[in-house]
Amino acid sequence: MVKFKGYEFVDGGVCAAAGFAAGGIIAGIKEGNTTKRDLAMIFCAERCRTAALYTTNKVKGAPITVTKKHLEDGYAQAIIVNSGNANTCNSNGIEIANKMCALTAQALDIDENDVIVASTGVIGQKLNIKPIKQRIPTLAKSLSPKKSGEAMEAIMTTDTRKKELAVEFEIEGRKCHVGGISKGSGMIHPNMATMLAFITTDVAITGELLEKALRKVNDRTYSMVSVDGDTSTNDTLILMSSGLAKNPEINCEDKNYELFENALYAVMMNFARETARDGEGATRLLECIVNGAPDEKTAKSAAKSVVCSSLVKAAMFAADANWGRILCALGYAEGDFDVSKVSVELASEKGKITVCSGGFGTDFSEEAASEILSEGEIKILIDLHSGEGSAIAWGCDLTYDYVKINAEYRS
């Protein structure tokens with residue numbers, strides 16, 4: 001966990017913010033499942049100002065279509081989400097998604113237009129509404145501010161690590177929170193690479209600034225993650241604000257807005273790291289830090305190119321300091337910079353080693369480099385020596401297990 005001064009990590013996850021409750025239940029959505037939670041609900045006592053971002057894939061799950069419509073007024077009060085089936089490319093997908101919202105609204109006694117719906121799992125298979133219909137009333141009655149973990153379990157698919165956290169901070173003497181749950185370990189690629197993430201806050205803030213903060217922070221966090229180069233059809237990132245912290249409403253980009261934005265970054269950056277760390281079959285988290293770029297856009301492109309490279313990822317799996325693959329990936333990044341100035345270092349808890357300077361290889365110990373790259377978290381430090389731009393991207397190694405997991409995904 002990367003910590004930030006002035007922000008304390010606290011328990012509660014998506015329920016840390018005042019007004020929120022959650023829960024997760026076994027519905028048996030995927031045939032044969034009798035042990036894993038697969039239906040989650042998040043609810044707020046107040047209608048919340050809500051911002052959202054979605055996949056850039058042209059093929060989008062039916063839940064996204066319905067959620068977009070329900071958020072046209074910028075408000076929501078509940079989220080219903082299932083795992084085990086993506087409800088994507090289904091002829092009755094919209095009907096099913098609308099039904100999930102209606103059932104949730106009925107169980108919670110709220111307007112169905114205030115319900116957000118999301119799904120994750122296999123694409124192109126019919127989603128049976130029957131088990132969902134049977135279990136939603138029970139799920140609604142089970143909601144609690146202490147059940148963020150159950151909701152987290154219910155949205156997981158191939159994830160092996162729970163992604164749940166929250167931070168506490170102050171705005172003008174009022175205790176405020178930002179927290180959430182996030183899932184995703186495959187079909188993860190920049191331009192929304194989250195699969196599903198639900199973030200809540202009790203900070204009072206205008207809808208316009210809520211959305212602005214979400215877009216800005218997403219651009220520096222989730223959109224800087226790549227596991228396998230596949231952008232999911234169902235990626236959905238939701239940010240809900242109850243306003244119950246009772247701070248003076250944030251209505252301009254002042255110091256209070258900055259405090260909120262930094263809190264959101266603390267949560268989303270750690271979620272982004274954990275998404276990469278939990279890449280399907282992964283054994284190593286890769287963090288590529290690019291400095292000295294002509295501008296931030298070039299730095300981001302360079303960092304993404306490195307973490308997206310299958311050859312770099314395979315080399316990291318082998319703990320092989322094959323720095324030529326890093327230079328190759330930089331070479332097809334967008335932006336202009338002088339490759340004859342590039343330097344590359346590899347680092348971990350075992351130390352740091354320079355493998356490239358001035359665009360050429362340096363004399364280094366392969367044994368020492370291999371020891372550094374054998375750790376679970378690797379840093380690829382690149383300096384383009386061409387300006388002041390910088391960026392960070394996160395990825396993971398490419399292993400045999402990635403193929404095995406995805407070859408057996410439907411079985």
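Residues numbered from 1 in each chain as written. Predicted model: local features only at pLDDT ≥ 70, side-chain atom pairs only at ≥ 80, totals over all residues. Heavy atoms only, no water.

**Overview of the pattern of salt bridges**
How we decide: Salt bridge criterion: a side-chain nitrogen from Lys or Arg within 4 Å of a carboxyl oxygen from Asp or Glu. Secondary structure elements are defined from DSSP: runs of H or I of at least 4 residues count as helices, runs of E of at least 2 residues count as strands, and each element is numbered from the N terminus. Throughout this description, buried means an accessible area under 20% of the type-specific maximum (1.4 Å probe, protein chains only), exposed means over 50%, and partly exposed covers the range between.
This model, assessed by the stated rule, comprises 22 salt bridges. Here Arg47 ties to Asp114 by a salt bridge, and the two come within 3.0 Å at their closest N and O atoms. Residue Arg47 is found in strand E3 (residues 39-54), and its partner Asp114 is found in the loop between helix H2 (93-108) and strand E5 (115-120); the two are separated by 67 residues along the sequence. Note that Arg277 is salt-bridged to Glu377, the shortest N-O span being 3.3 Å. Within this pair, whereas Arg277 is found in helix H6 (residues 255-277), its partner Glu377 is found in strand E14 (residues 377-383), the two being separated by 100 residues in sequence. Judged by relative accessible area, which is 25%, Glu377 ranks as partly exposed.

**Focus: the state of the cysteines**
Working definition of a disulfide: a covalent bond connecting the sulfur atoms of two cysteines. The condition that has to hold: By definition, disulfides here are pairs of cysteine sulfur atoms that lie within 2.5 Å.
Summed over the entire model, instances satisfying the criterion amount to 0 disulfides. Here Cys89 stays free of any disulfide, with the sulfur of Cys101 as its closest cysteine sulfur at 19 Å. Here Cys89 falls in the exposed class, since its relative accessible area comes to 57%. Among the cysteines around Cys396, which has no disulfide bond, Cys308 carries the closest sulfur, lying 10 Å off. Overall, the relative accessible area of 1% leaves Cys396 in the buried class.

**Brief notes about the sheet that holds E14**
The line we're drawing: A pair of strands is treated as paired once DSSP finds two or more bridges between them. Contact criterion: two residues are considered in contact whenever any of their non-hydrogen atoms come within 4.5 Å of each other. Each axis is a line fitted through C-alpha atoms, taken for helices only over the stretch in contact, and angles between the N-to-C directions span 0 to 180 degrees.
Spatial strand order, E13-E12-E11-E14-E10-E15: 6 strands in an open sheet with mixed pairing. The open sheet has two edge strands with one neighbour each: strand E13 (360-361) and strand E15 (389-396). Direction of pairing for strand E11 (residues 343-348) relative to E14: antiparallel, over a ladder of 5 bridges. When the sheet's bridge partners are listed, Ala347 is paired in E14 with Lys379. Its contacts with the sheet place helix H7 (residues 296-308) against strand E10 (285-293), E14 and E15, and it is angled at close to 20 degrees to E15.

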